[in-house]
Amino acid sequence: MSESENKKRKRKVNYTLMLFVDSKEGRIRQMGIGPRAVESLAVLMLFAVVILGSGFYFSQKKVQELEKESAKQAETITKLEEENQDLVDLREELTDKVTILSDTINQKVEEEEALAQAEAEAHMPIGFPLSSSAAVSEEENEDKMVVFTGSEGNSVIASAAGTVVSITTDSIYDRCIKIDHGNGYVSIYRNNGTEMVKEGDEVVRGAILFVIGEENTELGYQIQYEEKNIDPMEFIDIDG
């Protein structure tokens, strides 16, 4: 036998798979599978192992990716919950500040409204034009002037806040003072005394206009609204 034939014989390896089957009759049968079938079966088993291994690898990798994604989402959710809580806290803080600011504004508005009302009332000539009680006589004419007779040592005073717009000589009384109250009302004071104010002065209710002496006990008093005379006695707040 030649050397080449020995090599071929050595390379040719046959595999036989033996199966033993126990029949119902209690006899054992021997079955054989040829080399080609064994090789095919081995290939199929290897292929199955590769497929299963690959599937397990990719499934494990997918699980790891999902776990990472889940952890990332959990971290994001935690962060969003913290940010949401911060926003809730900020909203509550801002709500408190808005409430305080609103209360402050409302209080300020009320104070300003009260101040404006007080200012408006202060400019209404409803005050008594003398610093003490006095006798009153009304002249029945279109001037609607009221004559007050006071006592020595008292004063003629402004019936409301305003601006002294004029001080003139009067045909009946020596001096005449006009005060514009800035709301359409003007009060007029006629007296024989010496005026205690000058034109352009800003006066408040109760400011002294004349000091009453022996020669100037009478005060001729008028009120005008929009340049029309009105009855002072219907306007003066006697109780005040």
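You'll find the structure just up there.
These figures come from a predicted structure and were not determined experimentally. (Residues numbered from 1 in each chain as written. Predicted model: local features only at pLDDT ≥ 70, side-chain atom pairs only at ≥ 80, totals over all residues. Heavy atoms only, no water.)

### Section: the overall build of the protein chain
Summing up its helical and strand segments, the protein chain has two helices and 12 strands in all. Taken from N to C terminus, the helices and strands of the protein chain fall in the order α-β-β-α-β-β-β-β-β-β-β-β-β-β. For the protein chain, the proportion of its 240 residues judged to be buried stands at 23%. Look at the contacts in the protein chain between residues 6 or more apart in sequence, and 58% of them connect residues 24 or more apart. Roughly 17500 Å² of accessible area belongs to the protein chain as shown, and the carbon and sulfur atoms make up 54% of that amount. (Helix = DSSP H or I, 4+ residues; strand = E, 2+ residues; numbered from the N terminus. Buried < 20%, exposed > 50% of the residue type's maximum accessible area, 1.4 Å probe, protein only. Contact = heavy atoms within 4.5 Å. Areas by Shrake-Rupley, 256 points an atom, 1.4 Å probe, with all protein chains shown as cover.)

### Here's the deal with a nonpolar patch on the surface
A contiguous nonpolar patch, built from L87, L90 and L94 and spanning about 280 Å² of accessible area, is present on the exposed surface. One can find L87 in helix α2 (residues 35-122). Since its relative accessible area comes to 54%, L87 is described here as exposed. (Patch = residues over 30% accessible without salt bridge, like charges linked within 9 Å, V, L, I, M, F, W, Y side chains within 5 Å. Salt bridge = Lys/Arg side-chain N within 4 Å of Asp/Glu carboxyl O.)

### Focus: the environment of V203
Among the structural elements, V203 can be located in strand β9 (residues 202-203). Residue classification places V203 among the buried residues on the basis of a relative accessible area of 7%. Separated by 44 residues in sequence, V203 and S159 place their C-alpha atoms 9.9 Å apart. The residues contacting V203, other than those within four sequence positions of it, are A158, A160, A161, G162, V164, I179 and V197.

### Concerning the pairing of strand β6 (residues 162-169)
Where β6 and β9 come together, two bridges link them in antiparallel fashion. Bridging from a neighbouring strand, G162 pairs with V203 of β9. Examined bridge by bridge, β6 and strand β7 (residues 175-180) share six bridges and lie antiparallel to one another. Bridged to T163 within β7 is D180. Where β6 folds back onto β7 in an antiparallel hairpin, the turn is made up of five residues. (Pairing = 2+ DSSP bridges.)

### Quick look at the packing of aromatic side chains
Enumeration over the complete set of coordinates arrives at five aromatic pairs. When the centroid spacing of 4.4 Å and the interplanar angle of 40 degrees are considered together, the rings of Y185 and Y225 count as tilted. In this pair, Y185 sits in strand β8 (residues 185-191) while Y225 sits in strand β11 (residues 218-225), placing the two residues 40 residues apart along the sequence. Of the residues examined, Y185 reaches a relative accessible area of 13% and is grouped as buried. Residue class for Y225 comes out partly exposed when judged on its relative accessible area of 34%. (Phe/Tyr/Trp six-rings, centres within 6.5 Å; stacked < 30°, edge-to-face > 60°.)

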